[in-house]
Amino acid sequence: MARSNGRRVMESDEGAASEHELAEDLMRCCDGVLLCSPRMNRTALIDLSLRGHPVVLVNRIVPGLGIPSVSVDFYGGMTLVCGHLTQLGHRRVAYLSGPEASWANAERIRAFDAAAAFGVEVTVIPCGHTARHGYAAADAVRDSGVTAVVAYNDLEALGAVTALEKSGLHVPEDMSVIGCDDISLYDLPSSRILTTASLARHELGRQAAQTLEALMTADGDTEPRVIPVTPPPAGAGGFSLCRVGVATDQPGP
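Keep in mind it's a predicted model, so treat the numbers as computed, not measured. (Residues numbered from 1 in each chain as written. Predicted model: local features only at pLDDT ≥ 70, side-chain atom pairs only at ≥ 80, totals over all residues. Heavy atoms only, no water.)

Undergrad: What is the right way to look at the packing of aromatic side chains in this model?
TA: Geometry of an aromatic ring pair is reported as the spacing of the ring centres plus the angle between the planes. For the structure on display, the rule yields two aromatic pairs. On the basis of an interplanar angle of 75° and a centroid distance of 6.0 Å, the ring pair of phenylalanine 74 and tryptophan 103 is categorised as edge-to-face. Here tryptophan 103 lies in helix 4 (residues 103-110) and phenylalanine 74 lies in helix 3 (residues 74-87), a separation of 29 residues in the sequence. For the pair phenylalanine 74 and tryptophan 103, one class covers both residues: buried. Aromatic side chains tyrosine 95 and phenylalanine 112 sit 5.2 Å apart centroid to centroid with 65° between the ring planes, which places their arrangement in the edge-to-face category. Note that tyrosine 95 is positioned in strand 4 (residues 92-96) and phenylalanine 112 in helix 5 (residues 112-115), a separation of 17 residues in sequence. (Phe/Tyr/Trp six-rings, centres within 6.5 Å; stacked < 30°, edge-to-face > 60°. Helix = DSSP H or I, 4+ residues; strand = E, 2+ residues; numbered from the N terminus. Buried < 20%, exposed > 50% of the residue type's maximum accessible area, 1.4 Å probe, protein only.)

Undergrad: Honestly, the pairing of strand 3 (residues 69-72) in this entry has me stumped. Any pointers?
TA: Note on strand geometry: in a regular strand, side chains alternate between the two faces of the sheet. A two-sided burial pattern is seen for strand 3, the buried positions comprising Ser69 and Ser71 on one face and Val70 and Val72 on the other. Note: strand 2 (residues 55-58) against strand 3, two bridges, orientation parallel. Bridge pairing in strand 3 places leucine 57 opposite serine 69. Sheet topology note: the strand 3/strand 9 (residues 225-227) ladder contains three bridges and is parallel. Counterpart to valine 72 in the pairing with strand 9 is isoleucine 227. (Pairing = 2+ DSSP bridges.)

Undergrad: I'm lost on the sheet that holds strand 2 in this one. Help?
TA: Whether parallel or antiparallel, the strands of a sheet pair through hydrogen bonds between backbone atoms. The four strands lie next to each other as 1-2-3-9, forming an open sheet whose pairing is parallel. Pairing within the sheet leaves two strands with one partner each, and these edge strands are strand 1 (33-36) and strand 9. Neighbour-to-neighbour, the strand axes of this sheet turn through a mean angle of 15°, independent of strand direction. (Axes fitted to C-alpha atoms, helices over the stretch in contact; angles between N-to-C directions.)

Undergrad: What is the right way to read helix 9 (residues 201-217) from this model?
TA: Since there are 3.6 residues in each turn of an α-helix, residues three or four apart along the chain are aligned in direction. Helix length check: helix 9 (17 residues) gives 25 Å between terminal C-alpha atoms against 24 Å at 1.5 Å per residue, within 8%. Three or more residues of helix 9 are buried, namely Leu204, Gln207, Ala208, Ala209, Thr211, Leu212 and Glu213. On the buried face of helix 9, the contacting elements are strand 1, strand 2, strand 3 and strand 9. (Expected span 1.5 Å × (residues − 1). Contact = heavy atoms within 4.5 Å.)

Undergrad: Help me understand unusual backbone geometry, please; the structure alone is not making it clear to me.
TA: Glycine aside, residues mostly have negative phi angles, and peptide bonds mostly take the trans form. Between valine 171 and the following residue, proline 172, the backbone shows a cis peptide bond with an omega angle of 10°. Here the phi dihedral of serine 37 falls at roughly 50°; this positive angle occurs in a residue that is not glycine. Of the residues examined, serine 37 reaches a relative accessible area of 12% and is grouped as buried.

Undergrad: Quick question: what am I supposed to make of helix 3 here?
TA: An ideal rise of 1.5 Å per residue puts 20 Å on 14 residues; helix 3 measures up with 20 Å between its terminal C-alpha atoms. Counted residue by residue, helix 3 has ten buried out of 14 residues, so it is predominantly covered. With its phi angle positive at about 100°, glycine 89 sits one or two positions after the end of helix 3.

Undergrad: It is not clear to me how the pairing of strand 2 should be interpreted in this structure. Could you clarify?
TA: The alternating pattern of strand 2 places Val55 and Leu57 on one face and Val56 and Val58 on the opposite face, and all of these are buried. Pairing of strand 1 with strand 2, which is carried by four bridges, proceeds in the parallel orientation. The partner of leucine 35 across the bridge, within strand 2, is leucine 57. In this region the chain leaves strand 1, passes through helix 2 (residues 42-49) and returns to the parallel neighbour strand 2; the handedness of that crossover is right-handed. (Right-handed = clockwise from strand over helix to strand, strands pointing away.)

Undergrad: Please explain the packing of helix 3 against helix 4 as it appears in this structure.
TA: Pairs of packed helices are described in terms of their axes, by the angle between the two and the distance that separates them. Where helix 3 contacts helix 4, the axes come no closer than 8 Å and their chain directions differ by 45°. Relative to helix 4, the element helix 3 is oriented oblique. You can see that helix 3 and helix 4 cross each other, and the crossing is right-handed. In this structure, helix 3 uses Phe74, Tyr75 and Met78 to contact helix 4, whose residues at the interface are Trp103, Ala104, Glu107, Arg108 and Arg110. Residue composition of the contact of helix 3 with helix 4, grouped by class: five nonpolar, no polar and three charged. (Parallel < 35°, antiparallel > 145°, perpendicular 65-115°, else oblique. Left-handed = near helix turned anticlockwise from the far one by under 90°. Nonpolar A, V, L, I, M, F, W, Y, C, P; charged D, E, K, R; others polar.)

Undergrad: Can you help me understand the pattern of salt bridges in this one?
TA: Pairs can form between side chains of opposite charge once their charged atoms are near each other. Enumeration according to the criterion identifies six salt bridges in this entry. Among the salt bridges present, the one from glutamate 24 reaches arginine 51, with a minimum N-O distance of 2.6 Å. One end of the pair, glutamate 24, is in helix 1 (residues 16-29); the other, arginine 51, is in the loop between helix 2 and strand 2, and 27 residues separate them in sequence. On the accessibility criterion, arginine 51 (40% relative accessible area) is partly exposed. Of the charged contacts in the structure, one is a salt bridge between arginine 142 and aspartate 139, with a shortest N-O distance of 1.9 Å. Of this pair, arginine 142 and aspartate 139 both sit in helix 7 (residues 138-144), separated by three residues, roughly a single helical turn. Residue classification places aspartate 139 among the partly exposed residues on the basis of a relative accessible area of 43%. Beyond isolated ion pairs, a larger network of salt bridges with shared partners links Glu24, Asp47 and Arg51. (Salt bridge = Lys/Arg side-chain N within 4 Å of Asp/Glu carboxyl O.)

Here's what the structure looks like:
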């Protein structure tokens, strides 16, 4: 949508140290800025909000900050994942954690208190955001005694599946693995199936661009927009089956 309105939208990088400087540079040459999953701290975001430049946060909510935000309901989505695993009979689950500065990761971890109501015990295993990180975490998964794994993103999940199967475990017969984000792997060669939680990525981008456009052309609403994750209809949406192939490492939300 942003491009269709003649706008240029540039995305901030994973490193928190350089984000503020990058945002300042963009403000000098762009009409508006989308900060996608920013890792910078609250103080840095407050500084940007005081500059009077149109800015929208994507997948980051900072209470009391006067910057509009559009985010996926990661808390609700992870609660649904835990409920889904309960229906499959799992009671001990490992979560392969994402980057420490990721708001989306913190929201997922926050949901594990609610998961206790389903009778699910979740062990958080520090990981990262790449397939290599997921592969390296497989030993900790096996040692934890869990029967299911939820990964911060699909790349972590792919790495974990590869390592688990290499060690002699079969997925999903011996260990269930659920990824997040539903990245585009459909056109890649595949010999396995990965269950992944689809988190409305396209709708997130559409609403973020729409919010920024409103800020640049009129008085925009600063109330946070939260995109819900709904239970899947039979055979579609929500929890989907995604063919697994070779993927390049990339940061998650």
